[in-house]
Structure formats: C-alpha cells, structure tokens
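# Observations on chain architecture
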Amino acid sequence: MKQMYEKYLPPFVRDTREFQILSNIEGDILEEEKQAKQNLESDQWIVTATERGLNRRAKLLNIVREQYESLEDFRQRILFLWNHHSPYTYFHLLDWLEGICEKENVNVDMQYNEYHLHIEIRLIKKQLQEEIRKTVRKMIPANILLDVTLRYNLYGELKPYTHGDIKQKQFRYIDLREDDVRYWKTK
C-alpha cells in the first residue's frame, strides 16, 4: 500500500530513497488502520460483525461460543438473545419464532385448555433448540407447560430417494432420521 502514502508527497520527494522506504512502512500501517476502521464499523451490527465483535457481544450476554458451533451459528444465537423481549401475545411469540427460525422451520401448537405450548423445530435449526427452550421459558407465564422438540424426517420427505441413492451416499439409519434432507444434495 505504498501508493496510499505516496499520493500525499510532493513529486520531487517521491523519488528519494528514504521516502520510498518510509512510504512502504507507512503504507502498511495505513492499510492496517484502514482494515481496523472497517472491522470497527462492521462490529457495530451483529449481522456484519467480525469474530471479535461477536465475542464482545457474547461477553455482554454472558454466553460462550461452543466448540462445535460455527461462526454463523454463533452469530444467529447472539442475534437471537440480543433481540428477544417478552411477548405479550401469542401472535407476537409466533412472529418472534418465525423471525429466528423462518416460518417453514418452526411449528407452534398452543393447547389452551391444557395450558401446554408445543414448539417443533426442523432439523436445520436443531442447534437453536436449547436456546429457544431457555428463552421461551423466560417469556411465557409460569403455569404453561413448554415442550420444544425437533421435527425428524418423515417418510414423505424420503420418498423421492431410492434405496440405491441412499446406499450410494453411505447414509446410516440415524442419518436418515436426523440429517436435514435439504442438505443431502451437497453430501
């Protein structure tokens, strides 16, 4: 990044050996400062934050990154905890869950007579199951039973695949049940 420094020098000084060496050193420093500024701007928002920015927010939330957790899963969990607040209606809870898991990945069943709330999450969001259980437990009244489960693969979702397809991909029986079918094409 020699050019960043040299553009501020007068033409008669640029050709001097000392200033060329100095411009190499200062150019690298200016590039580091530019990158630090970009990281600082990115860290202002969870969606664009670097790992350092996510760790700072995690420290504020008193959570730690799990060793198996990818950076995007960690970002999702921080966003999830950062934006939650107690809903006052069932429909607000639905909107909140659909915002976290997307509408097609969550199914909510409230049985009013039995005071039972059942939340079913697709396998693609299974890393959020425990966080959803903890957070929703804090959100809902104490007299409502909460049940957060995973929606495992059903026969209808496996029907398009032949036995040969499954054998070729070397799936085990537990993979058929617990892997998200939408990601089979990438395996």
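### Looking at the sheet that holds strand β2 (residues 116–122)
Sheet strands pair via backbone hydrogen bonds, and the direction of the pair is either parallel or antiparallel. Across the sheet, three strands lie side by side as β1-β2-β3; this open sheet has mixed pairing. Each edge of the open sheet is held by one strand with a lone partner, namely β1 (106–111) and β3 (145–151). On average, adjacent strands in this sheet sit at an angle of 15 degrees to one another, irrespective of strand direction. Packing against the sheet, helix α6 (residues 90–101) makes contact with β1 and β2, and its axis sits at approximately 160 degrees to β1. Contacts between helix α7 (residues 129–139) and the sheet are confined to β2 and β3, with β3 contributing the most and set at about 160 degrees to the helix.

### What about the environment of Ile-100?
You can see Ile-100 is positioned in helix α6. The class for Ile-100 is buried, based on a relative accessible area of 9%. Each C-alpha atom, one on Ile-100 and one on Asn-83, is 9.6 Å from the other, the two residues being 17 residues apart in sequence. Excluding residues within four positions of it along the chain, Ile-100 makes contact with Gln-76, Phe-80, Lys-125 and Leu-128.

Criteria and cut-off values
- Residues numbered from 1 in each chain as written.
- Predicted model: local features only at pLDDT ≥ 70, side-chain atom pairs only at ≥ 80, totals over all residues.
- Heavy atoms only, no water.
- Pairing = 2+ DSSP bridges.
- Helix = DSSP H or I, 4+ residues; strand = E, 2+ residues; numbered from the N terminus.
- Axes fitted to C-alpha atoms, helices over the stretch in contact; angles between N-to-C directions.
- Contact = heavy atoms within 4.5 Å.
- Buried < 20%, exposed > 50% of the residue type's maximum accessible area, 1.4 Å probe, protein only.

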